[in-house]
Amino acid sequence: MKILGIETSCDETAVAVVEGRKILSNIIASQHAAHAPFGGVVPEIASRHHIENLPAILEEALQQADVRLADIDAVAATYTPGLLPALLIGLQFAKSLAFALKKPFIGVNHLEGHLNSVFLDDPSPQPSPTRGEGVPIEYPFLGLIVSGGHTHLYKVEAFGKYILLGATRDDAAGEAYDKVAKLLGLGYPGGPKLDKIAHQGNPQAFRFTQPKLGEDSLEFSFSGYKTAALLHVQKQNGDLSQSFVQDLAASFQASVTDFLLDRIVAASIRHDLTNWVVTGGVAANKALRAKLEKEAQENGCRQYLPPLNLCTDNGAMIAYVGGRHLENKKYSPLSLNAMAYSELAKCE
Ligand code: KG4
Ligand code: ZN
């Protein structure tokens, strides 16, 4: 079954063709340059770009997959959560295609897409003792989504069975990265830029304390990191030297990645989950990936991470989840509406 996956929840216009776990094409038009002058995503600009990009991206995805529209068995699109006007563009485009092709339409939750992105075939070689090379991911697993809009920790019992163990009380991890990067004048999107520069600084130069959310808490909070970074920046009186920026980036990154790791290890012990899956844009972070590998090895656990291009938003993860719903005959009505906010599961 060849599934067309369309993703427009934020600032990436993405279309993919996926067959089972195999990615036949995965085209992403990034809008970073359009939003950079504003220091963040402007929903109306994102939506207008989706309208302009979608026809060409669809054409490219079909060409690269070497299929015609008539070969597509179903059309899947993100319908929640995300920026409402941006979601509406991709959703309506996908529904119109499904209607014209007389093929099933499947609305996909963006969070379910991220969580399942590790199941897509990964052609990139990632030799690692803890990354079950060729070993299928076994349920149940611990699933963390760390992105620009979400920081959610789940126990995943099976496809479609997600138990929320904890989420952020305020900012998402990627949002904190972007805001601190902005304070440091690194530009937008800040996460990858801060990640790059952090390796040149001293991670012990500045103190960032982990939020205190209660002894047994599996929740997250990142607003304190932003405030601490702001206070350090203000003390420089407008003169941010290169070494200050590098050291602050390194200290922020060290503390945030330690915090994420602490939560993973705590949840893994409490819920006896030895398979760890980490997805979303921040899962592309080099420091986090290195720490996860070390921590998994020390704890006798196995970690599964998507390749870098599947950490950030993409159509392949939406097509893959759409395909799984199709197997279960879970189609969506063409009247399905977009929703800005939604949860995959309630807190346990
Ligand atoms: O998953 P994603 O593309 O979109 C959402 O669903 O939110 O994640 C984008 C987020 C941004 O906040 C971006 O700065 C962050 O992921 N990000 C990173 C890295 N690459 C992307 N954060 C830290 N280190 C990175 N290497
Ligand atoms: Zn996302």
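Caption draft 1: View of unusual backbone geometry. In this structure, P81 follows T80 across a cis peptide bond, with omega equal to -25°. Residue placement: P81 occurs in the loop between strand 4 (74-80) and helix 3 (84-101). In this structure, P189 follows Y188 across a cis peptide bond, with omega equal to -10°. If you check the backbone angles, D66 has positive phi at about 60° while not being a glycine. Judged by its relative accessible area of 68%, D66 is exposed. Its identity is not glycine, yet K329 carries a phi of approximately 55°, on the positive side. With respect to the helices and strands, the residue K329 is situated in the segment after helix 11 (315-327). On the basis of relative accessibility, which here comes to 61%, the residue K329 falls in the exposed class.

Caption draft 2: A look at the sheet that holds strand 1 (residues 2-7). Read from one edge to the other, the open sheet built from five strands follows the order 3-2-1-4-5, with strand pairing classed as mixed. Looking at which strands have only one partner, the edges of the open sheet turn out to be strand 3 (22-30) and strand 5 (105-109). Strand-to-strand twist in this sheet, taken as the mean axis angle between neighbours without regard to direction, amounts to 20°. In terms of strand pairing, strand 1 meets strand 2 (residues 12-19) through six bridges, oriented antiparallel. Looking across to strand 2, one finds that E7 is bridged to A14. Where helix 2 (residues 43-65) meets the sheet, its contacts fall on strand 1, strand 2 and strand 3, and the angle it forms with strand 2 comes to roughly 25°. Strands strand 1, strand 2, strand 3, strand 4 and strand 5 of the sheet are contacted by helix 11, whose axis makes an angle of about 130° with strand 1.

Caption draft 3: Quick peek at the pairing of strand 6 (residues 141-146). Counting buried residues along strand 6, six of its six residues qualify, which places the element largely inside the surrounding structure. Where strand 6 and strand 7 (residues 151-158) come together, six bridges link them in antiparallel fashion. Across the sheet, the residue bridging to F141 is V156, located in strand 7. Two elements, strand 6 and strand 9 (residues 275-279), share four bridges in a ladder whose sense is parallel. Considered in strand 9, the bridge of G143 is made with V277.

Here is what the cut-offs are and how they apply
Residues numbered from 1 in each chain as written. Chains lettered and ligands numbered in written order. Predicted model: local features only at pLDDT ≥ 70, side-chain atom pairs only at ≥ 80, totals over all residues. Heavy atoms only, no water. Helix = DSSP H or I, 4+ residues; strand = E, 2+ residues; numbered from the N terminus. Buried < 20%, exposed > 50% of the residue type's maximum accessible area, 1.4 Å probe, protein only. Pairing = 2+ DSSP bridges. Axes fitted to C-alpha atoms, helices over the stretch in contact; angles between N-to-C directions. Contact = heavy atoms within 4.5 Å.

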